[in-house]
Amino acid sequence: MNLSWIVCEWVGMLLTDLIVLMEPSIERYVFELKKANPDVSASQVLGMLMDYLDSNIALISRMQDKGTLGNIVVNIWSKICSKLQDVVETKPELEEEHYERVGDSLKFLKHHFQSNLGENGVPEEKLIAQPAFTQVLDTIDLQQMDTTELIIRHYKEQSEERGERSTGAGVIDLKLSLKERRDGKAILFAKLLGARELIALDTNGKSDPFIQLQVVPHHLFPDSEVKQSTVKKSTLEPIYNEMFEFIIPQDQICNGVLVLTVFDYDFISANDFEGEAMVRLTDLPRNSEQHVKWTMALHRPQQDSIYKILAGRVNDKVATKFVEIRRKAMEAEEFMLAEGGEAHASTTGSKVSLGQRHGSES
């Protein structure tokens, strides 16, 4: 066996172990940002981290070629970004100036990795291309946003993302339209046609599905009541043909999202969650004489960055109300998966995407 290859392998394992050993120290220095006085600059707080990085990267550079060293330095950079992400996620109640300082720290560190490591520096495009960097940058921006802005953004992003993903929870068919009135209000017409390929949640291989409809966010549409369909017994392909109307302010159409949630009715215990679908009101035709037919894929709610941030705003009534509502669906989903719903979903999955339009129909 080639001796030089053995040496390279040994050095590689040694360096991997070294990076792992560096992680606790990196975490300790980064978390100083949470404890330091807001008046202290990012460069002052991170001074010890800079010294620690410089000495270790200099040590590594003596054992590796420049190409391999670049990858190692990028790996260290990603770990630092991940630790900064922990700072902004685990302390969501920090004041705005703390987030500004974390942002300043990120810029300071990026400049250091790019310019202050001498020949060991990394090109900026490599640094900003790392997912951990993008994530912490986005979280810092989100943390500095108002609660109401975050909730609007949450629903918009959820409705947009779901249009790009397949699903294993079935689909809903309905017709939608918006009609504006002279009094500054608008009427959202939603004719619920039916649902298909639902998940069987009863022991007989069927479900007793019903669907709830509501316009959100709740703080912008406080008068939007939850509408509910009838329950269809023992079926995975329910047909409803039921009409619902929502009176909403015209000036909030740009922020509104229609949420449809499918449940399996249970007479004895709590109703079981099947899935939910969302559509932005701005995607709907206005003042048309015809309703547009939509096929909407059902999805399962996940904890995104916005949800995590709002869950930390325990003293904000609007935030806690939002979290309470969204948590119910998430907890129901977790329970369903624990009961084996995922296994069934994988065998009956639909490939229809949210908001697939079929043209105008009367």
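Let us look at the structure shown here. Note that the structure is a prediction, hence the values are computed from the model and not measured.

## Some thoughts on helix H4 (residues 47-61)
Consideration 1: If you check H4, its first and last C-alpha atoms are 21 Å apart, about what 15 residues at 1.5 Å a residue would give, namely 21 Å.
Consideration 2: Buried within H4 we find Leu-49, Met-50, Tyr-52, Leu-53, Asn-56, Ile-57 and Ile-60. Burial along H4 is one-sided: seen end-on, the buried residues are contained in an arc of 165°. Away from the buried face of H4 by more than 90 degrees, exposed residues Met-48 and Asp-51 are located.

## Considering the sheet that holds strand S7 (residues 272-280)
Consideration 1: The antiparallel open sheet is built from four strands, whose spatial order is S4-S3-S6-S7. Each end of this open sheet is capped by a strand with a single partner; those strands are strand S4 (227-228) and S7.
Consideration 2: Judged from the eight bridges that link them, strand S6 (residues 257-264) and S7 form a sheet pairing that is antiparallel. Its bridge partner lying in S7, Leu-258 is registered against Val-279.

## Structural notes on the pattern of salt bridges
Consideration 1: Inspection of every chain in the model, using the stated rule, returns eleven salt bridges.
Consideration 2: Glu-27 is the salt-bridge partner of Lys-83, the closest N and O atoms lying 3.4 Å from each other. In this pair, Lys-83 sits in helix H5 (residues 66-90) while Glu-27 sits in helix H1 (residues 3-30), placing the two residues 56 residues apart along the sequence.
Consideration 3: Looking at Glu-27, the relative accessible area reads 34%, which means it is partly exposed.
Consideration 4: Here Lys-110 makes a salt bridge to Glu-124, at a shortest N to O gap of 2.9 Å. Residue Lys-110 is located in helix H6 (residues 96-115), and its partner Glu-124 is located in helix H7 (residues 124-128); the two are separated by 14 residues in the primary sequence.
Consideration 5: A cluster of three or more residues bridged by salt bridges with shared partners is formed by Glu-23, Glu-27, Lys-79 and Lys-83.

## Here's the deal with the packing of aromatic side chains
Consideration 1: Under the counting rule described, the total for this entry stands at six aromatic pairs.
Consideration 2: Taking the centre distance of 5.6 Å and the plane angle of 55° together, the rings of Tyr-29 and Tyr-52 count as tilted. Taken together, the residues Tyr-29 in helix H1 and Tyr-52 in helix H4 connect sequence positions 23 residues apart. The exposure classification of Tyr-29 matches that of Tyr-52, with both residues buried.
Consideration 3: Measuring from centroid to centroid gives 5.3 Å for Trp-77 and Phe-113, while their planes differ by 55°, and the two rings are tilted. Here Phe-113 lies in helix H6 and Trp-77 lies in helix H5, a separation of 36 residues in the sequence.
Consideration 4: Through successive ring pairs, a cluster of aromatic residues spans Trp-77, Phe-113 and Phe-133.
Consideration 5: One cation-aromatic arrangement involves Arg-28 over Tyr-29; the distance from NZ or CZ to the ring centre is 5.0 Å.
Consideration 6: The ring of Phe-246 is capped by Lys-227, whose NZ or CZ atom sits 5.5 Å from the centre of that ring.

Rules and cut-offs
- Residues numbered from 1 in each chain as written.
- Predicted model: local features only at pLDDT ≥ 70, side-chain atom pairs only at ≥ 80, totals over all residues.
- Heavy atoms only, no water.
- Helix = DSSP H or I, 4+ residues; strand = E, 2+ residues; numbered from the N terminus.
- Expected span 1.5 Å × (residues − 1).
- Buried < 20%, exposed > 50% of the residue type's maximum accessible area, 1.4 Å probe, protein only.
- Arc of directions from axis to C-beta.
- Pairing = 2+ DSSP bridges.
- Salt bridge = Lys/Arg side-chain N within 4 Å of Asp/Glu carboxyl O.
- Phe/Tyr/Trp six-rings, centres within 6.5 Å; stacked < 30°, edge-to-face > 60°.
- Lys NZ or Arg CZ within 6 Å of the ring centre and 35° of its normal.

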